[in-house]
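Descriptive structure summary
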Amino acid sequence: MNKSVSLYVNAASSLMPEILEKFKELYPSIKISIYQSKKNSANYDLHIYSLDYSVLGPNSTQVLKESFCLAIPKNHKLVSLDEIDLYELRDEPFISLTSDLPLYTSTLQLCKQAGFIPKINLESNTPSIMIDFIKRGMGIAIIPEKTWRIKNETKIKKIKIKNPIAFRYINIQKTSQNYIPTSVALFEDFVVSYFSQL
């Protein structure tokens, strides 16, 4: 049996440590290689990615549908709200991932649907840095509700976006249409099962 899996991850990366820890408990001899840059991922077996629409590419399986929410620092004037119309944030400074990442496009599209162009004053290509900016009160952000692990974060509050309502879809794709090694099939099945429990 081929005992390796190469994985290109450009969505839900904050969940990868937990996924890999649990998978390695079951299959300790399978080597996992993770890539987060397309240029370093030429020969990957699986791709975990997100789309703002529910259309699957070839050899893809949808593993999660999640809504977007607003993340604000706990000292923000809107902290008492549980839900908000995005238009109310038209004058707020936004924080986003960089323009080469899907969340940037999602942020722009949601704000445009709400009737304004967001004032993005900070960008990062790393979600953890973006979260740190929010904690420090440097702006607000639109983030995925489930896959960005901030539920135990004491300095950030998540607020439901009631208008516009939007979702993103997390998918896993096999890059080969031919023979799939057992290790790759095991990992894919494990990921599908993991996301079904979120």
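Rules of the game
- Residues numbered from 1 in each chain as written.
- Predicted model: local features only at pLDDT ≥ 70, side-chain atom pairs only at ≥ 80, totals over all residues.
- Heavy atoms only, no water.
- Core = buried A, V, L, I, M, F, W, Y, C linked by side-chain atoms within 4.5 Å.
- Buried < 20%, exposed > 50% of the residue type's maximum accessible area, 1.4 Å probe, protein only.
- Helix = DSSP H or I, 4+ residues; strand = E, 2+ residues; numbered from the N terminus.
- Axes fitted to C-alpha atoms, helices over the stretch in contact; angles between N-to-C directions.
- Parallel < 35°, antiparallel > 145°, perpendicular 65-115°, else oblique.
- Left-handed = near helix turned anticlockwise from the far one by under 90°.
- Contact = heavy atoms within 4.5 Å.
- Nonpolar A, V, L, I, M, F, W, Y, C, P; charged D, E, K, R; others polar.
- Salt bridge = Lys/Arg side-chain N within 4 Å of Asp/Glu carboxyl O.
- Expected span 1.5 Å × (residues − 1).
- Arc of directions from axis to C-beta.
- Pairing = 2+ DSSP bridges.
- Right-handed = clockwise from strand over helix to strand, strands pointing away.

Before going further, it helps to examine the nonpolar core. Within the largest apolar cluster, 32 residues are counted, with the highest numbers of intra-cluster contacts made by Leu 70, Leu 86, Leu 89, Met 130, Ile 142 and Ile 143. Mapped onto this core, the elements with two or more residues apiece are β4 (60-73), β6 (93-97), α2 (102-114), α3 (127-135), β8 (141-144) and β9 (156-163). Ranked by the residues each element gives to this core, the list is headed by β4, at five residues. Formed by 24 residues, the second largest nonpolar core is a distinct cluster that contains Ala 11, Leu 20, Phe 23 and Val 63.

Turning our attention to the packing of helix α1 (residues 16-26) against helix α4 (residues 182-196). It is the contact of α1 with α4, at a shortest axis distance of 11 Å, that shows an interaxial angle of 125°. In terms of axis orientation, α1 runs oblique to α4. Crossing hand, α1 versus α4: right-handed. For the pair α1 and α4, contact is made by Glu 18, Ile 19, Leu 20, Lys 22, Phe 23 and Leu 26 and by Leu 186, Phe 187, Phe 190, Val 191, Tyr 194 and Phe 195, respectively. Of the residues in the contact of α1 with α4, the class split is ten nonpolar, no polar and two charged.

The next subject is the pattern of salt bridges. A side chain of one charge can pair with a side chain of the opposite charge if their charged atoms are brought near each other. Per the counting criterion, the structure on display carries seven salt bridges. Close ionic contact of Lys 22 with Glu 18 constitutes a salt bridge, the shortest N to O distance being 3.3 Å. Pair noted here: Lys 22 and Glu 18 are both in helix α1, with a separation of four residues, about one helical turn. Between Asp 91 and Lys 119 there is a salt bridge, with the nearest N and O atoms lying 3.7 Å from each other. Here the residue Asp 91 occupies a position in the loop between β5 (83-85) and β6, and Lys 119 occupies one in strand β7 (residues 119-124), the gap between them amounting to 28 residues. Under the relative-accessibility criterion, Lys 119 is labelled partly exposed at 46%.

Here α2 spans 18 Å end to end across 13 residues, near enough to the 18 Å set by a 1.5 Å rise per residue. Among the residues of α2, those classed as buried are Leu 103, Tyr 104, Ser 106, Thr 107, Leu 110, Cys 111 and Ala 114. Projected onto a plane normal to the axis of α2, the buried residues spread over an arc of 165° and lie on a single side. Away from its buried face, by an angle of more than 90 degrees, α2 presents the exposed residues Lys 112 and Gln 113. Once α2 ends, the next one or two residues include Gly 115, with phi positive near 105°.

This part is about α3. Among the residues making up α3, those that are buried are Met 130, Ile 131, Phe 133 and Ile 134. On an axial view of α3, the arc spanned by its buried residues comes to 155°, and they lie on one face. Structurally, α3 contributes buried residues whose contacts are with β4, β6, α2, β7, β8 and β9. Count one or two residues on from α3 and you reach Gly 137, which has phi positive near 75°.

In this chain, Asn 163 is followed by Pro 164 through a cis amide linkage whose omega measures -5°. Secondary-structure assignment places Pro 164 in the loop between β9 and β10 (167-174). In this model, Ala 12 sits at a positive phi of 60°, which is unusual for a non-glycine residue. Tracing the backbone shows Ala 12 in the loop between β1 (4-9) and α1.

This paragraph deals with the pairing of strand β2 (residues 31-35). Successive side chains on a regular strand alternate, one facing one side of the sheet and the next facing the other. Here β1 runs beside β2; their pairing, made up of five bridges, is parallel. By the bridge assignment for β2, Ser 4 is matched with Lys 31. One crossover worth recording links β1 to the parallel β2 by way of α1, and it is right-handed.

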